[in-house]
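Summary of the model geometry
Now for the letters of each chain:
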Amino acid sequence: MTDLTRDNGAPVGDNQNSQTAGPNGPVLLQDVQLIQKLQRFDRERVPERVVHARGTGAYGVFVASKDISGLTRAAVFRPGEETPVFVRFSSVIHGNHSPETLRDPRGFGTKFYTREGNWDLVGNNLPVFFIRDAIKFPDMVHSLKPAPDSNIQDPNRFFDFFSHQPEATHMLTRVYSDFGTPASYREMDGNSVHAYKFVNAQGQYSYVKFHWKSLQGQRNLSAKEAEAIQAKDFNHMTRDLIAAINKGDFPKWDLYVQVLQPAEMASMAIDPLDATKIWPNVPEVKVGTMTLNRNPDNVFLETEQSALAPSNLVPGIEPSEDRLLQGRIFSYADTQLHRVGTNGLQLPVNRPRQAAVNYNQDGAQNPGARKGDVNYQPSERAAVADNGQYKYSQLPLTGATQQQGIARTQNFQQAGEFYRSLGKSQQANLISNLAGDLGQVKDENIKYTMLSYFQKADAGYGKALAQALKADTGRVEALAAALRD
């Protein structure tokens, strides 16, 4: 076995888990393996986005409707507050001109131009993700992208990867259902996937997840329906959104939040900061409504140059200790710096509605007009200062730094619950869709490992899939019996 190394040739001690401050603390910047992987991954494509390359956008307005000042000081949620927004919908894996009928999670990124700065709520149509630690994100995307030797996407590659990630069973079950091929951007929900923190004026924090509910309802395509549409139109989702807005049929979504107090986190059977999990039995509260009412005038200047990143936060909203989110906070902003440039946030689509005041300077394509000789802070010669009322909330920490997986994994239960929530025809579509790709896997060990994951999620699910692949159900059951959830 050859040692895995960083680019400087130094061996890597752990390529599976990010370093964290104790079992539940945030990810550490000193994790050079994590940082290097994300930096190198973000710079693999020029200039197309590495992920979320295929997208379309629209402008609109978000109107807050409920007083949640006890939870968050964020001005965007003051009842009656109207905040301009830009939304970019996208597919995740496939390239810029790929058919919009392809099976893929769909990005749902919203830029709120709030009075306190821009807030980017960057999520997906599906409420969970494949992995729970950002250190595995480059590996996951590499496996799902076309093979480097053939430029062809290959189930042998991505199921090889996922056979080592049992936590992906939940997301795979959702993406291989018809929810993996939504009929239109208007008829799909959006989810934050990650937990964030709401912080009120007293500095008290709670954990929240966000959910956009489509007022048009949700509608998905079967594999046959997607094939029929692709034969005639590979831009159907973009075409639908543009046409609806042009004729005044403005799509709307209600925004809901789920809230957990810090004291509730430890008592849950799941780790609530695990991005592969939903929060079952946690009620949702409606906080506002978004309406999209204007198409971009220039797709490149607006949709393609839009730079959304979960690090774009405002007072009252902070990142949680979710390990995948902690990596995305760095990675998304970094890839936008690489893709649209050092001064990308000065472009019209990304510029905040009030002036940005800091001493970040120079760089390519800088249109700024800052004058004077003071470009540092603090200074007695310039009235620019940080304000202590906007400090982050304080997180109590215990323990030592570590590189270990989370304690409450529960990799399979929610996948089974989602499977059982589907109707019979939807279950049949899921089995057919999944068998189509899993049946191409040549390595029997990989195939049976994946089958055991689905069997562990739900016995009927695993049996139906094994029968579709003419697999040995006894072998599948024996492998599943050895798994712990």
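Residues numbered from 1 in each chain as written. Predicted model: local features only at pLDDT ≥ 70, side-chain atom pairs only at ≥ 80, totals over all residues. Heavy atoms only, no water.

Comments concerning the overall build of the chain
The cut-off we apply is this: Counting from the N terminus, the helices are the DSSP runs of H or I reaching at least four residues and the strands are the DSSP runs of E reaching at least two. Between the two quantities, the radius of gyration covers C-alpha atoms and the globule rule is 2.2 Å times the number of residues to the power 0.38. Here's how the labels work: a residue is buried when its accessible area is under 20% of the maximum for its type, exposed when over 50%, partly exposed in between, all with a 1.4 Å probe on protein chains only. Any two residues whose heavy atoms approach within 4.5 Å at even a single point are treated as in contact. Note that His is not counted, nor are the chain ends; the positive residues are Lys and Arg, and the negative ones are Asp and Glu. Here the site of a charge means atom NZ of a Lys, CZ of an Arg, CG of an Asp or CD of a Glu.
Each helix and strand counted, the chain has 14 helices and 12 strands in total. Here the C-alpha atoms of the chain give a radius of gyration of 23 Å, agreeing with the 23 Å that 2.2 N^0.38 yields for 485 residues. For the chain, the C-alpha atoms occupy an extent of roughly 75 × 60 × 45 Å along the three principal directions. Taken over 485 residues, the chain has a buried fraction of 53%. The contacts of the chain with a sequence gap of at least 6 include a subset with a gap of at least 24, amounting to 76%. Of the side chains in the chain, 52 bear a positive and 52 a negative charge, and the two mean positions are spaced by 2 Å.

Observations concerning the pairing of strand β2 (residues 55–64)
Let me state the cut-off plainly: For two strands to be treated as a pair, DSSP must find no fewer than two bridges joining them.
The element β2 is largely enclosed, with a buried count of eight among its 10 residues. As paired strands, β2 and strand β3 (residues 82–91) are joined by nine bridges and run antiparallel to one another. Considered in β3, the bridge of G55 is made with S90. One ladder, built from six bridges, connects β2 with strand β10 (residues 284–294); its direction is antiparallel. Bridged to Y59 within β10 is R294.

Some words on the side chain of R49
Put simply, the rule is: In the analysis that follows, any N or O atom pair within 3.5 Å is treated as a polar contact, provided that within protein one partner can donate a hydrogen and the other can accept it, and provided that, for residues neighboring in sequence, both atoms belong to side chains.
The residue R49 is located in the loop between α1 (32–42) and β2 in this model. Residue class for R49 comes out buried when judged on its relative accessible area of 9%. A polar contact of 3.1 Å, which involves the side chain of R49, links it to the side chain of E304. Apart from residues no more than four positions distant in its own chain, R49 is found in contact with R88, T303, E304, S306 and R339.

Digging into the packing of aromatic side chains
To describe a pair of aromatic rings, one takes the distance between the centres and the angle between the planes. Keep this limit in mind: Paired rings are identified among Phe, Tyr and Trp, the last through its six-membered ring, by centres lying within 6.5 Å, and are further divided according to the angle between planes into stacked (under 30 degrees), edge-to-face (over 60) and tilted (the rest).
Under the counting rule described, the total for this entry stands at 28 aromatic pairs. With 6.1 Å between their ring centres and 25° between their planes, F129 and F137 make a pair best called stacked. Given a relative accessible area of 8%, F129 falls into the buried group. An angle of 50° between the planes, with centres 5.0 Å apart, marks the rings of F158 and F159 as tilted. For the pair shown, F158 and F159 are each scored as buried. Connected via pairs of aromatic rings, a cluster forms that spans F62, F77, F89, F108, F112, W119, Y185, Y196, F198, F210, W212 and W253.

Things to note about the nonpolar core
For the record, the criterion: Think of a nonpolar core as a cluster: buried Ala, Val, Leu, Ile, Met, Phe, Trp, Tyr and Cys residues, connected wherever their side-chain atoms sit within 4.5 Å.
Grouped together as the largest cluster of nonpolar side chains are 55 residues, with contacts concentrated most on F129, F130, M140, F159, F162 and L438. Mapped by element, the contributors of at least two residues to this core are α1, α2 (137–144), α3 (155–162), α4 (169–175), α10 (413–421), α11 (424–438), α12 (444–457) and α13 (459–468). For this core, the element with the most residues is α12, which contributes seven residues. Among residues more than four places away in sequence, those in contact with F129 are N124, F137, M140, M171, V193, A275, T276 and L324. Formed by 34 residues, the second largest nonpolar core is a distinct cluster that contains A74, F89, F112 and M290.

Here's the deal with unusual backbone geometry
Backbone torsion omega between Q377 and P378 reads 10°, so that peptide bond is classified as cis. A positive phi angle, near 65°, is found at H52, a position not held by glycine. The exposure class of H52 is buried, given its relative accessible area of 12%. Non-glycine residue K470 carries a positive phi angle of around 55°.

Examining the pattern of salt bridges
Heads up, the rule is: Salt bridge, as used here: a side-chain nitrogen of Lys or Arg that lies within 4 Å of a carboxyl oxygen of Asp or Glu.
Within the structure shown, the criterion is met by 19 salt bridges. We note a salt bridge from D139 to K136, for which the minimum N-O separation is 3.1 Å. D373 is the salt-bridge partner of R381, the closest N and O atoms lying 2.9 Å from each other. The exposure class assigned to R381 is exposed, which follows from its relative accessible area of 56%. Among the charged side chains, a salt-bridge network with shared partners connects R132, E167, D274 and K277.

Observations concerning the pairing of strand β9 (residues 252–260)
β9 sits mainly inside the fold: seven of its nine residues count as buried. In this sheet, β9 lies alongside strand β8 (residues 205–214) in antiparallel orientation, the contact comprising eight bridges. Across the sheet, residue Y207 finds its bridge partner in β9, namely L260. Across seven bridges, β9 lies against β10 in antiparallel orientation. The residue bridging K252 from the neighbouring strand is T291, located in β10.

A word on the packing of α3 against α12
What counts is decided by this rule: Angles here are taken between N-to-C directions and fall from 0 to 180 degrees, while the axes themselves are lines fitted to C-alpha atoms, restricted in helices to the stretch in contact. Each angle gets one of four labels, with under 35 degrees taken as roughly parallel, over 145 as roughly antiparallel, 65 to 115 as roughly perpendicular, and the rest as oblique. Less than a right angle of anticlockwise turn of the near helix away from the far helix marks a crossing as left-handed, whereas a clockwise turn marks it as right-handed. In this classification, Asp, Glu, Lys and Arg are treated as charged, Ala, Val, Leu, Ile, Met, Phe, Trp, Tyr, Cys and Pro as nonpolar, and every other residue, Gly included, as polar.
Close contact between α3 and α12 brings their axes to 9 Å; oriented N to C, the two are set at 55°. One finds that α3 runs oblique with respect to α12. In this structure, α3 meets α12 at a crossing whose hand is left-handed. Along the contact surface, α3 presents F159, D160 and F162, while α12 presents I446, M450 and Y453. Of the residues that constitute the contact of α3 with α12, the class distribution is five nonpolar, no polar and one charged.

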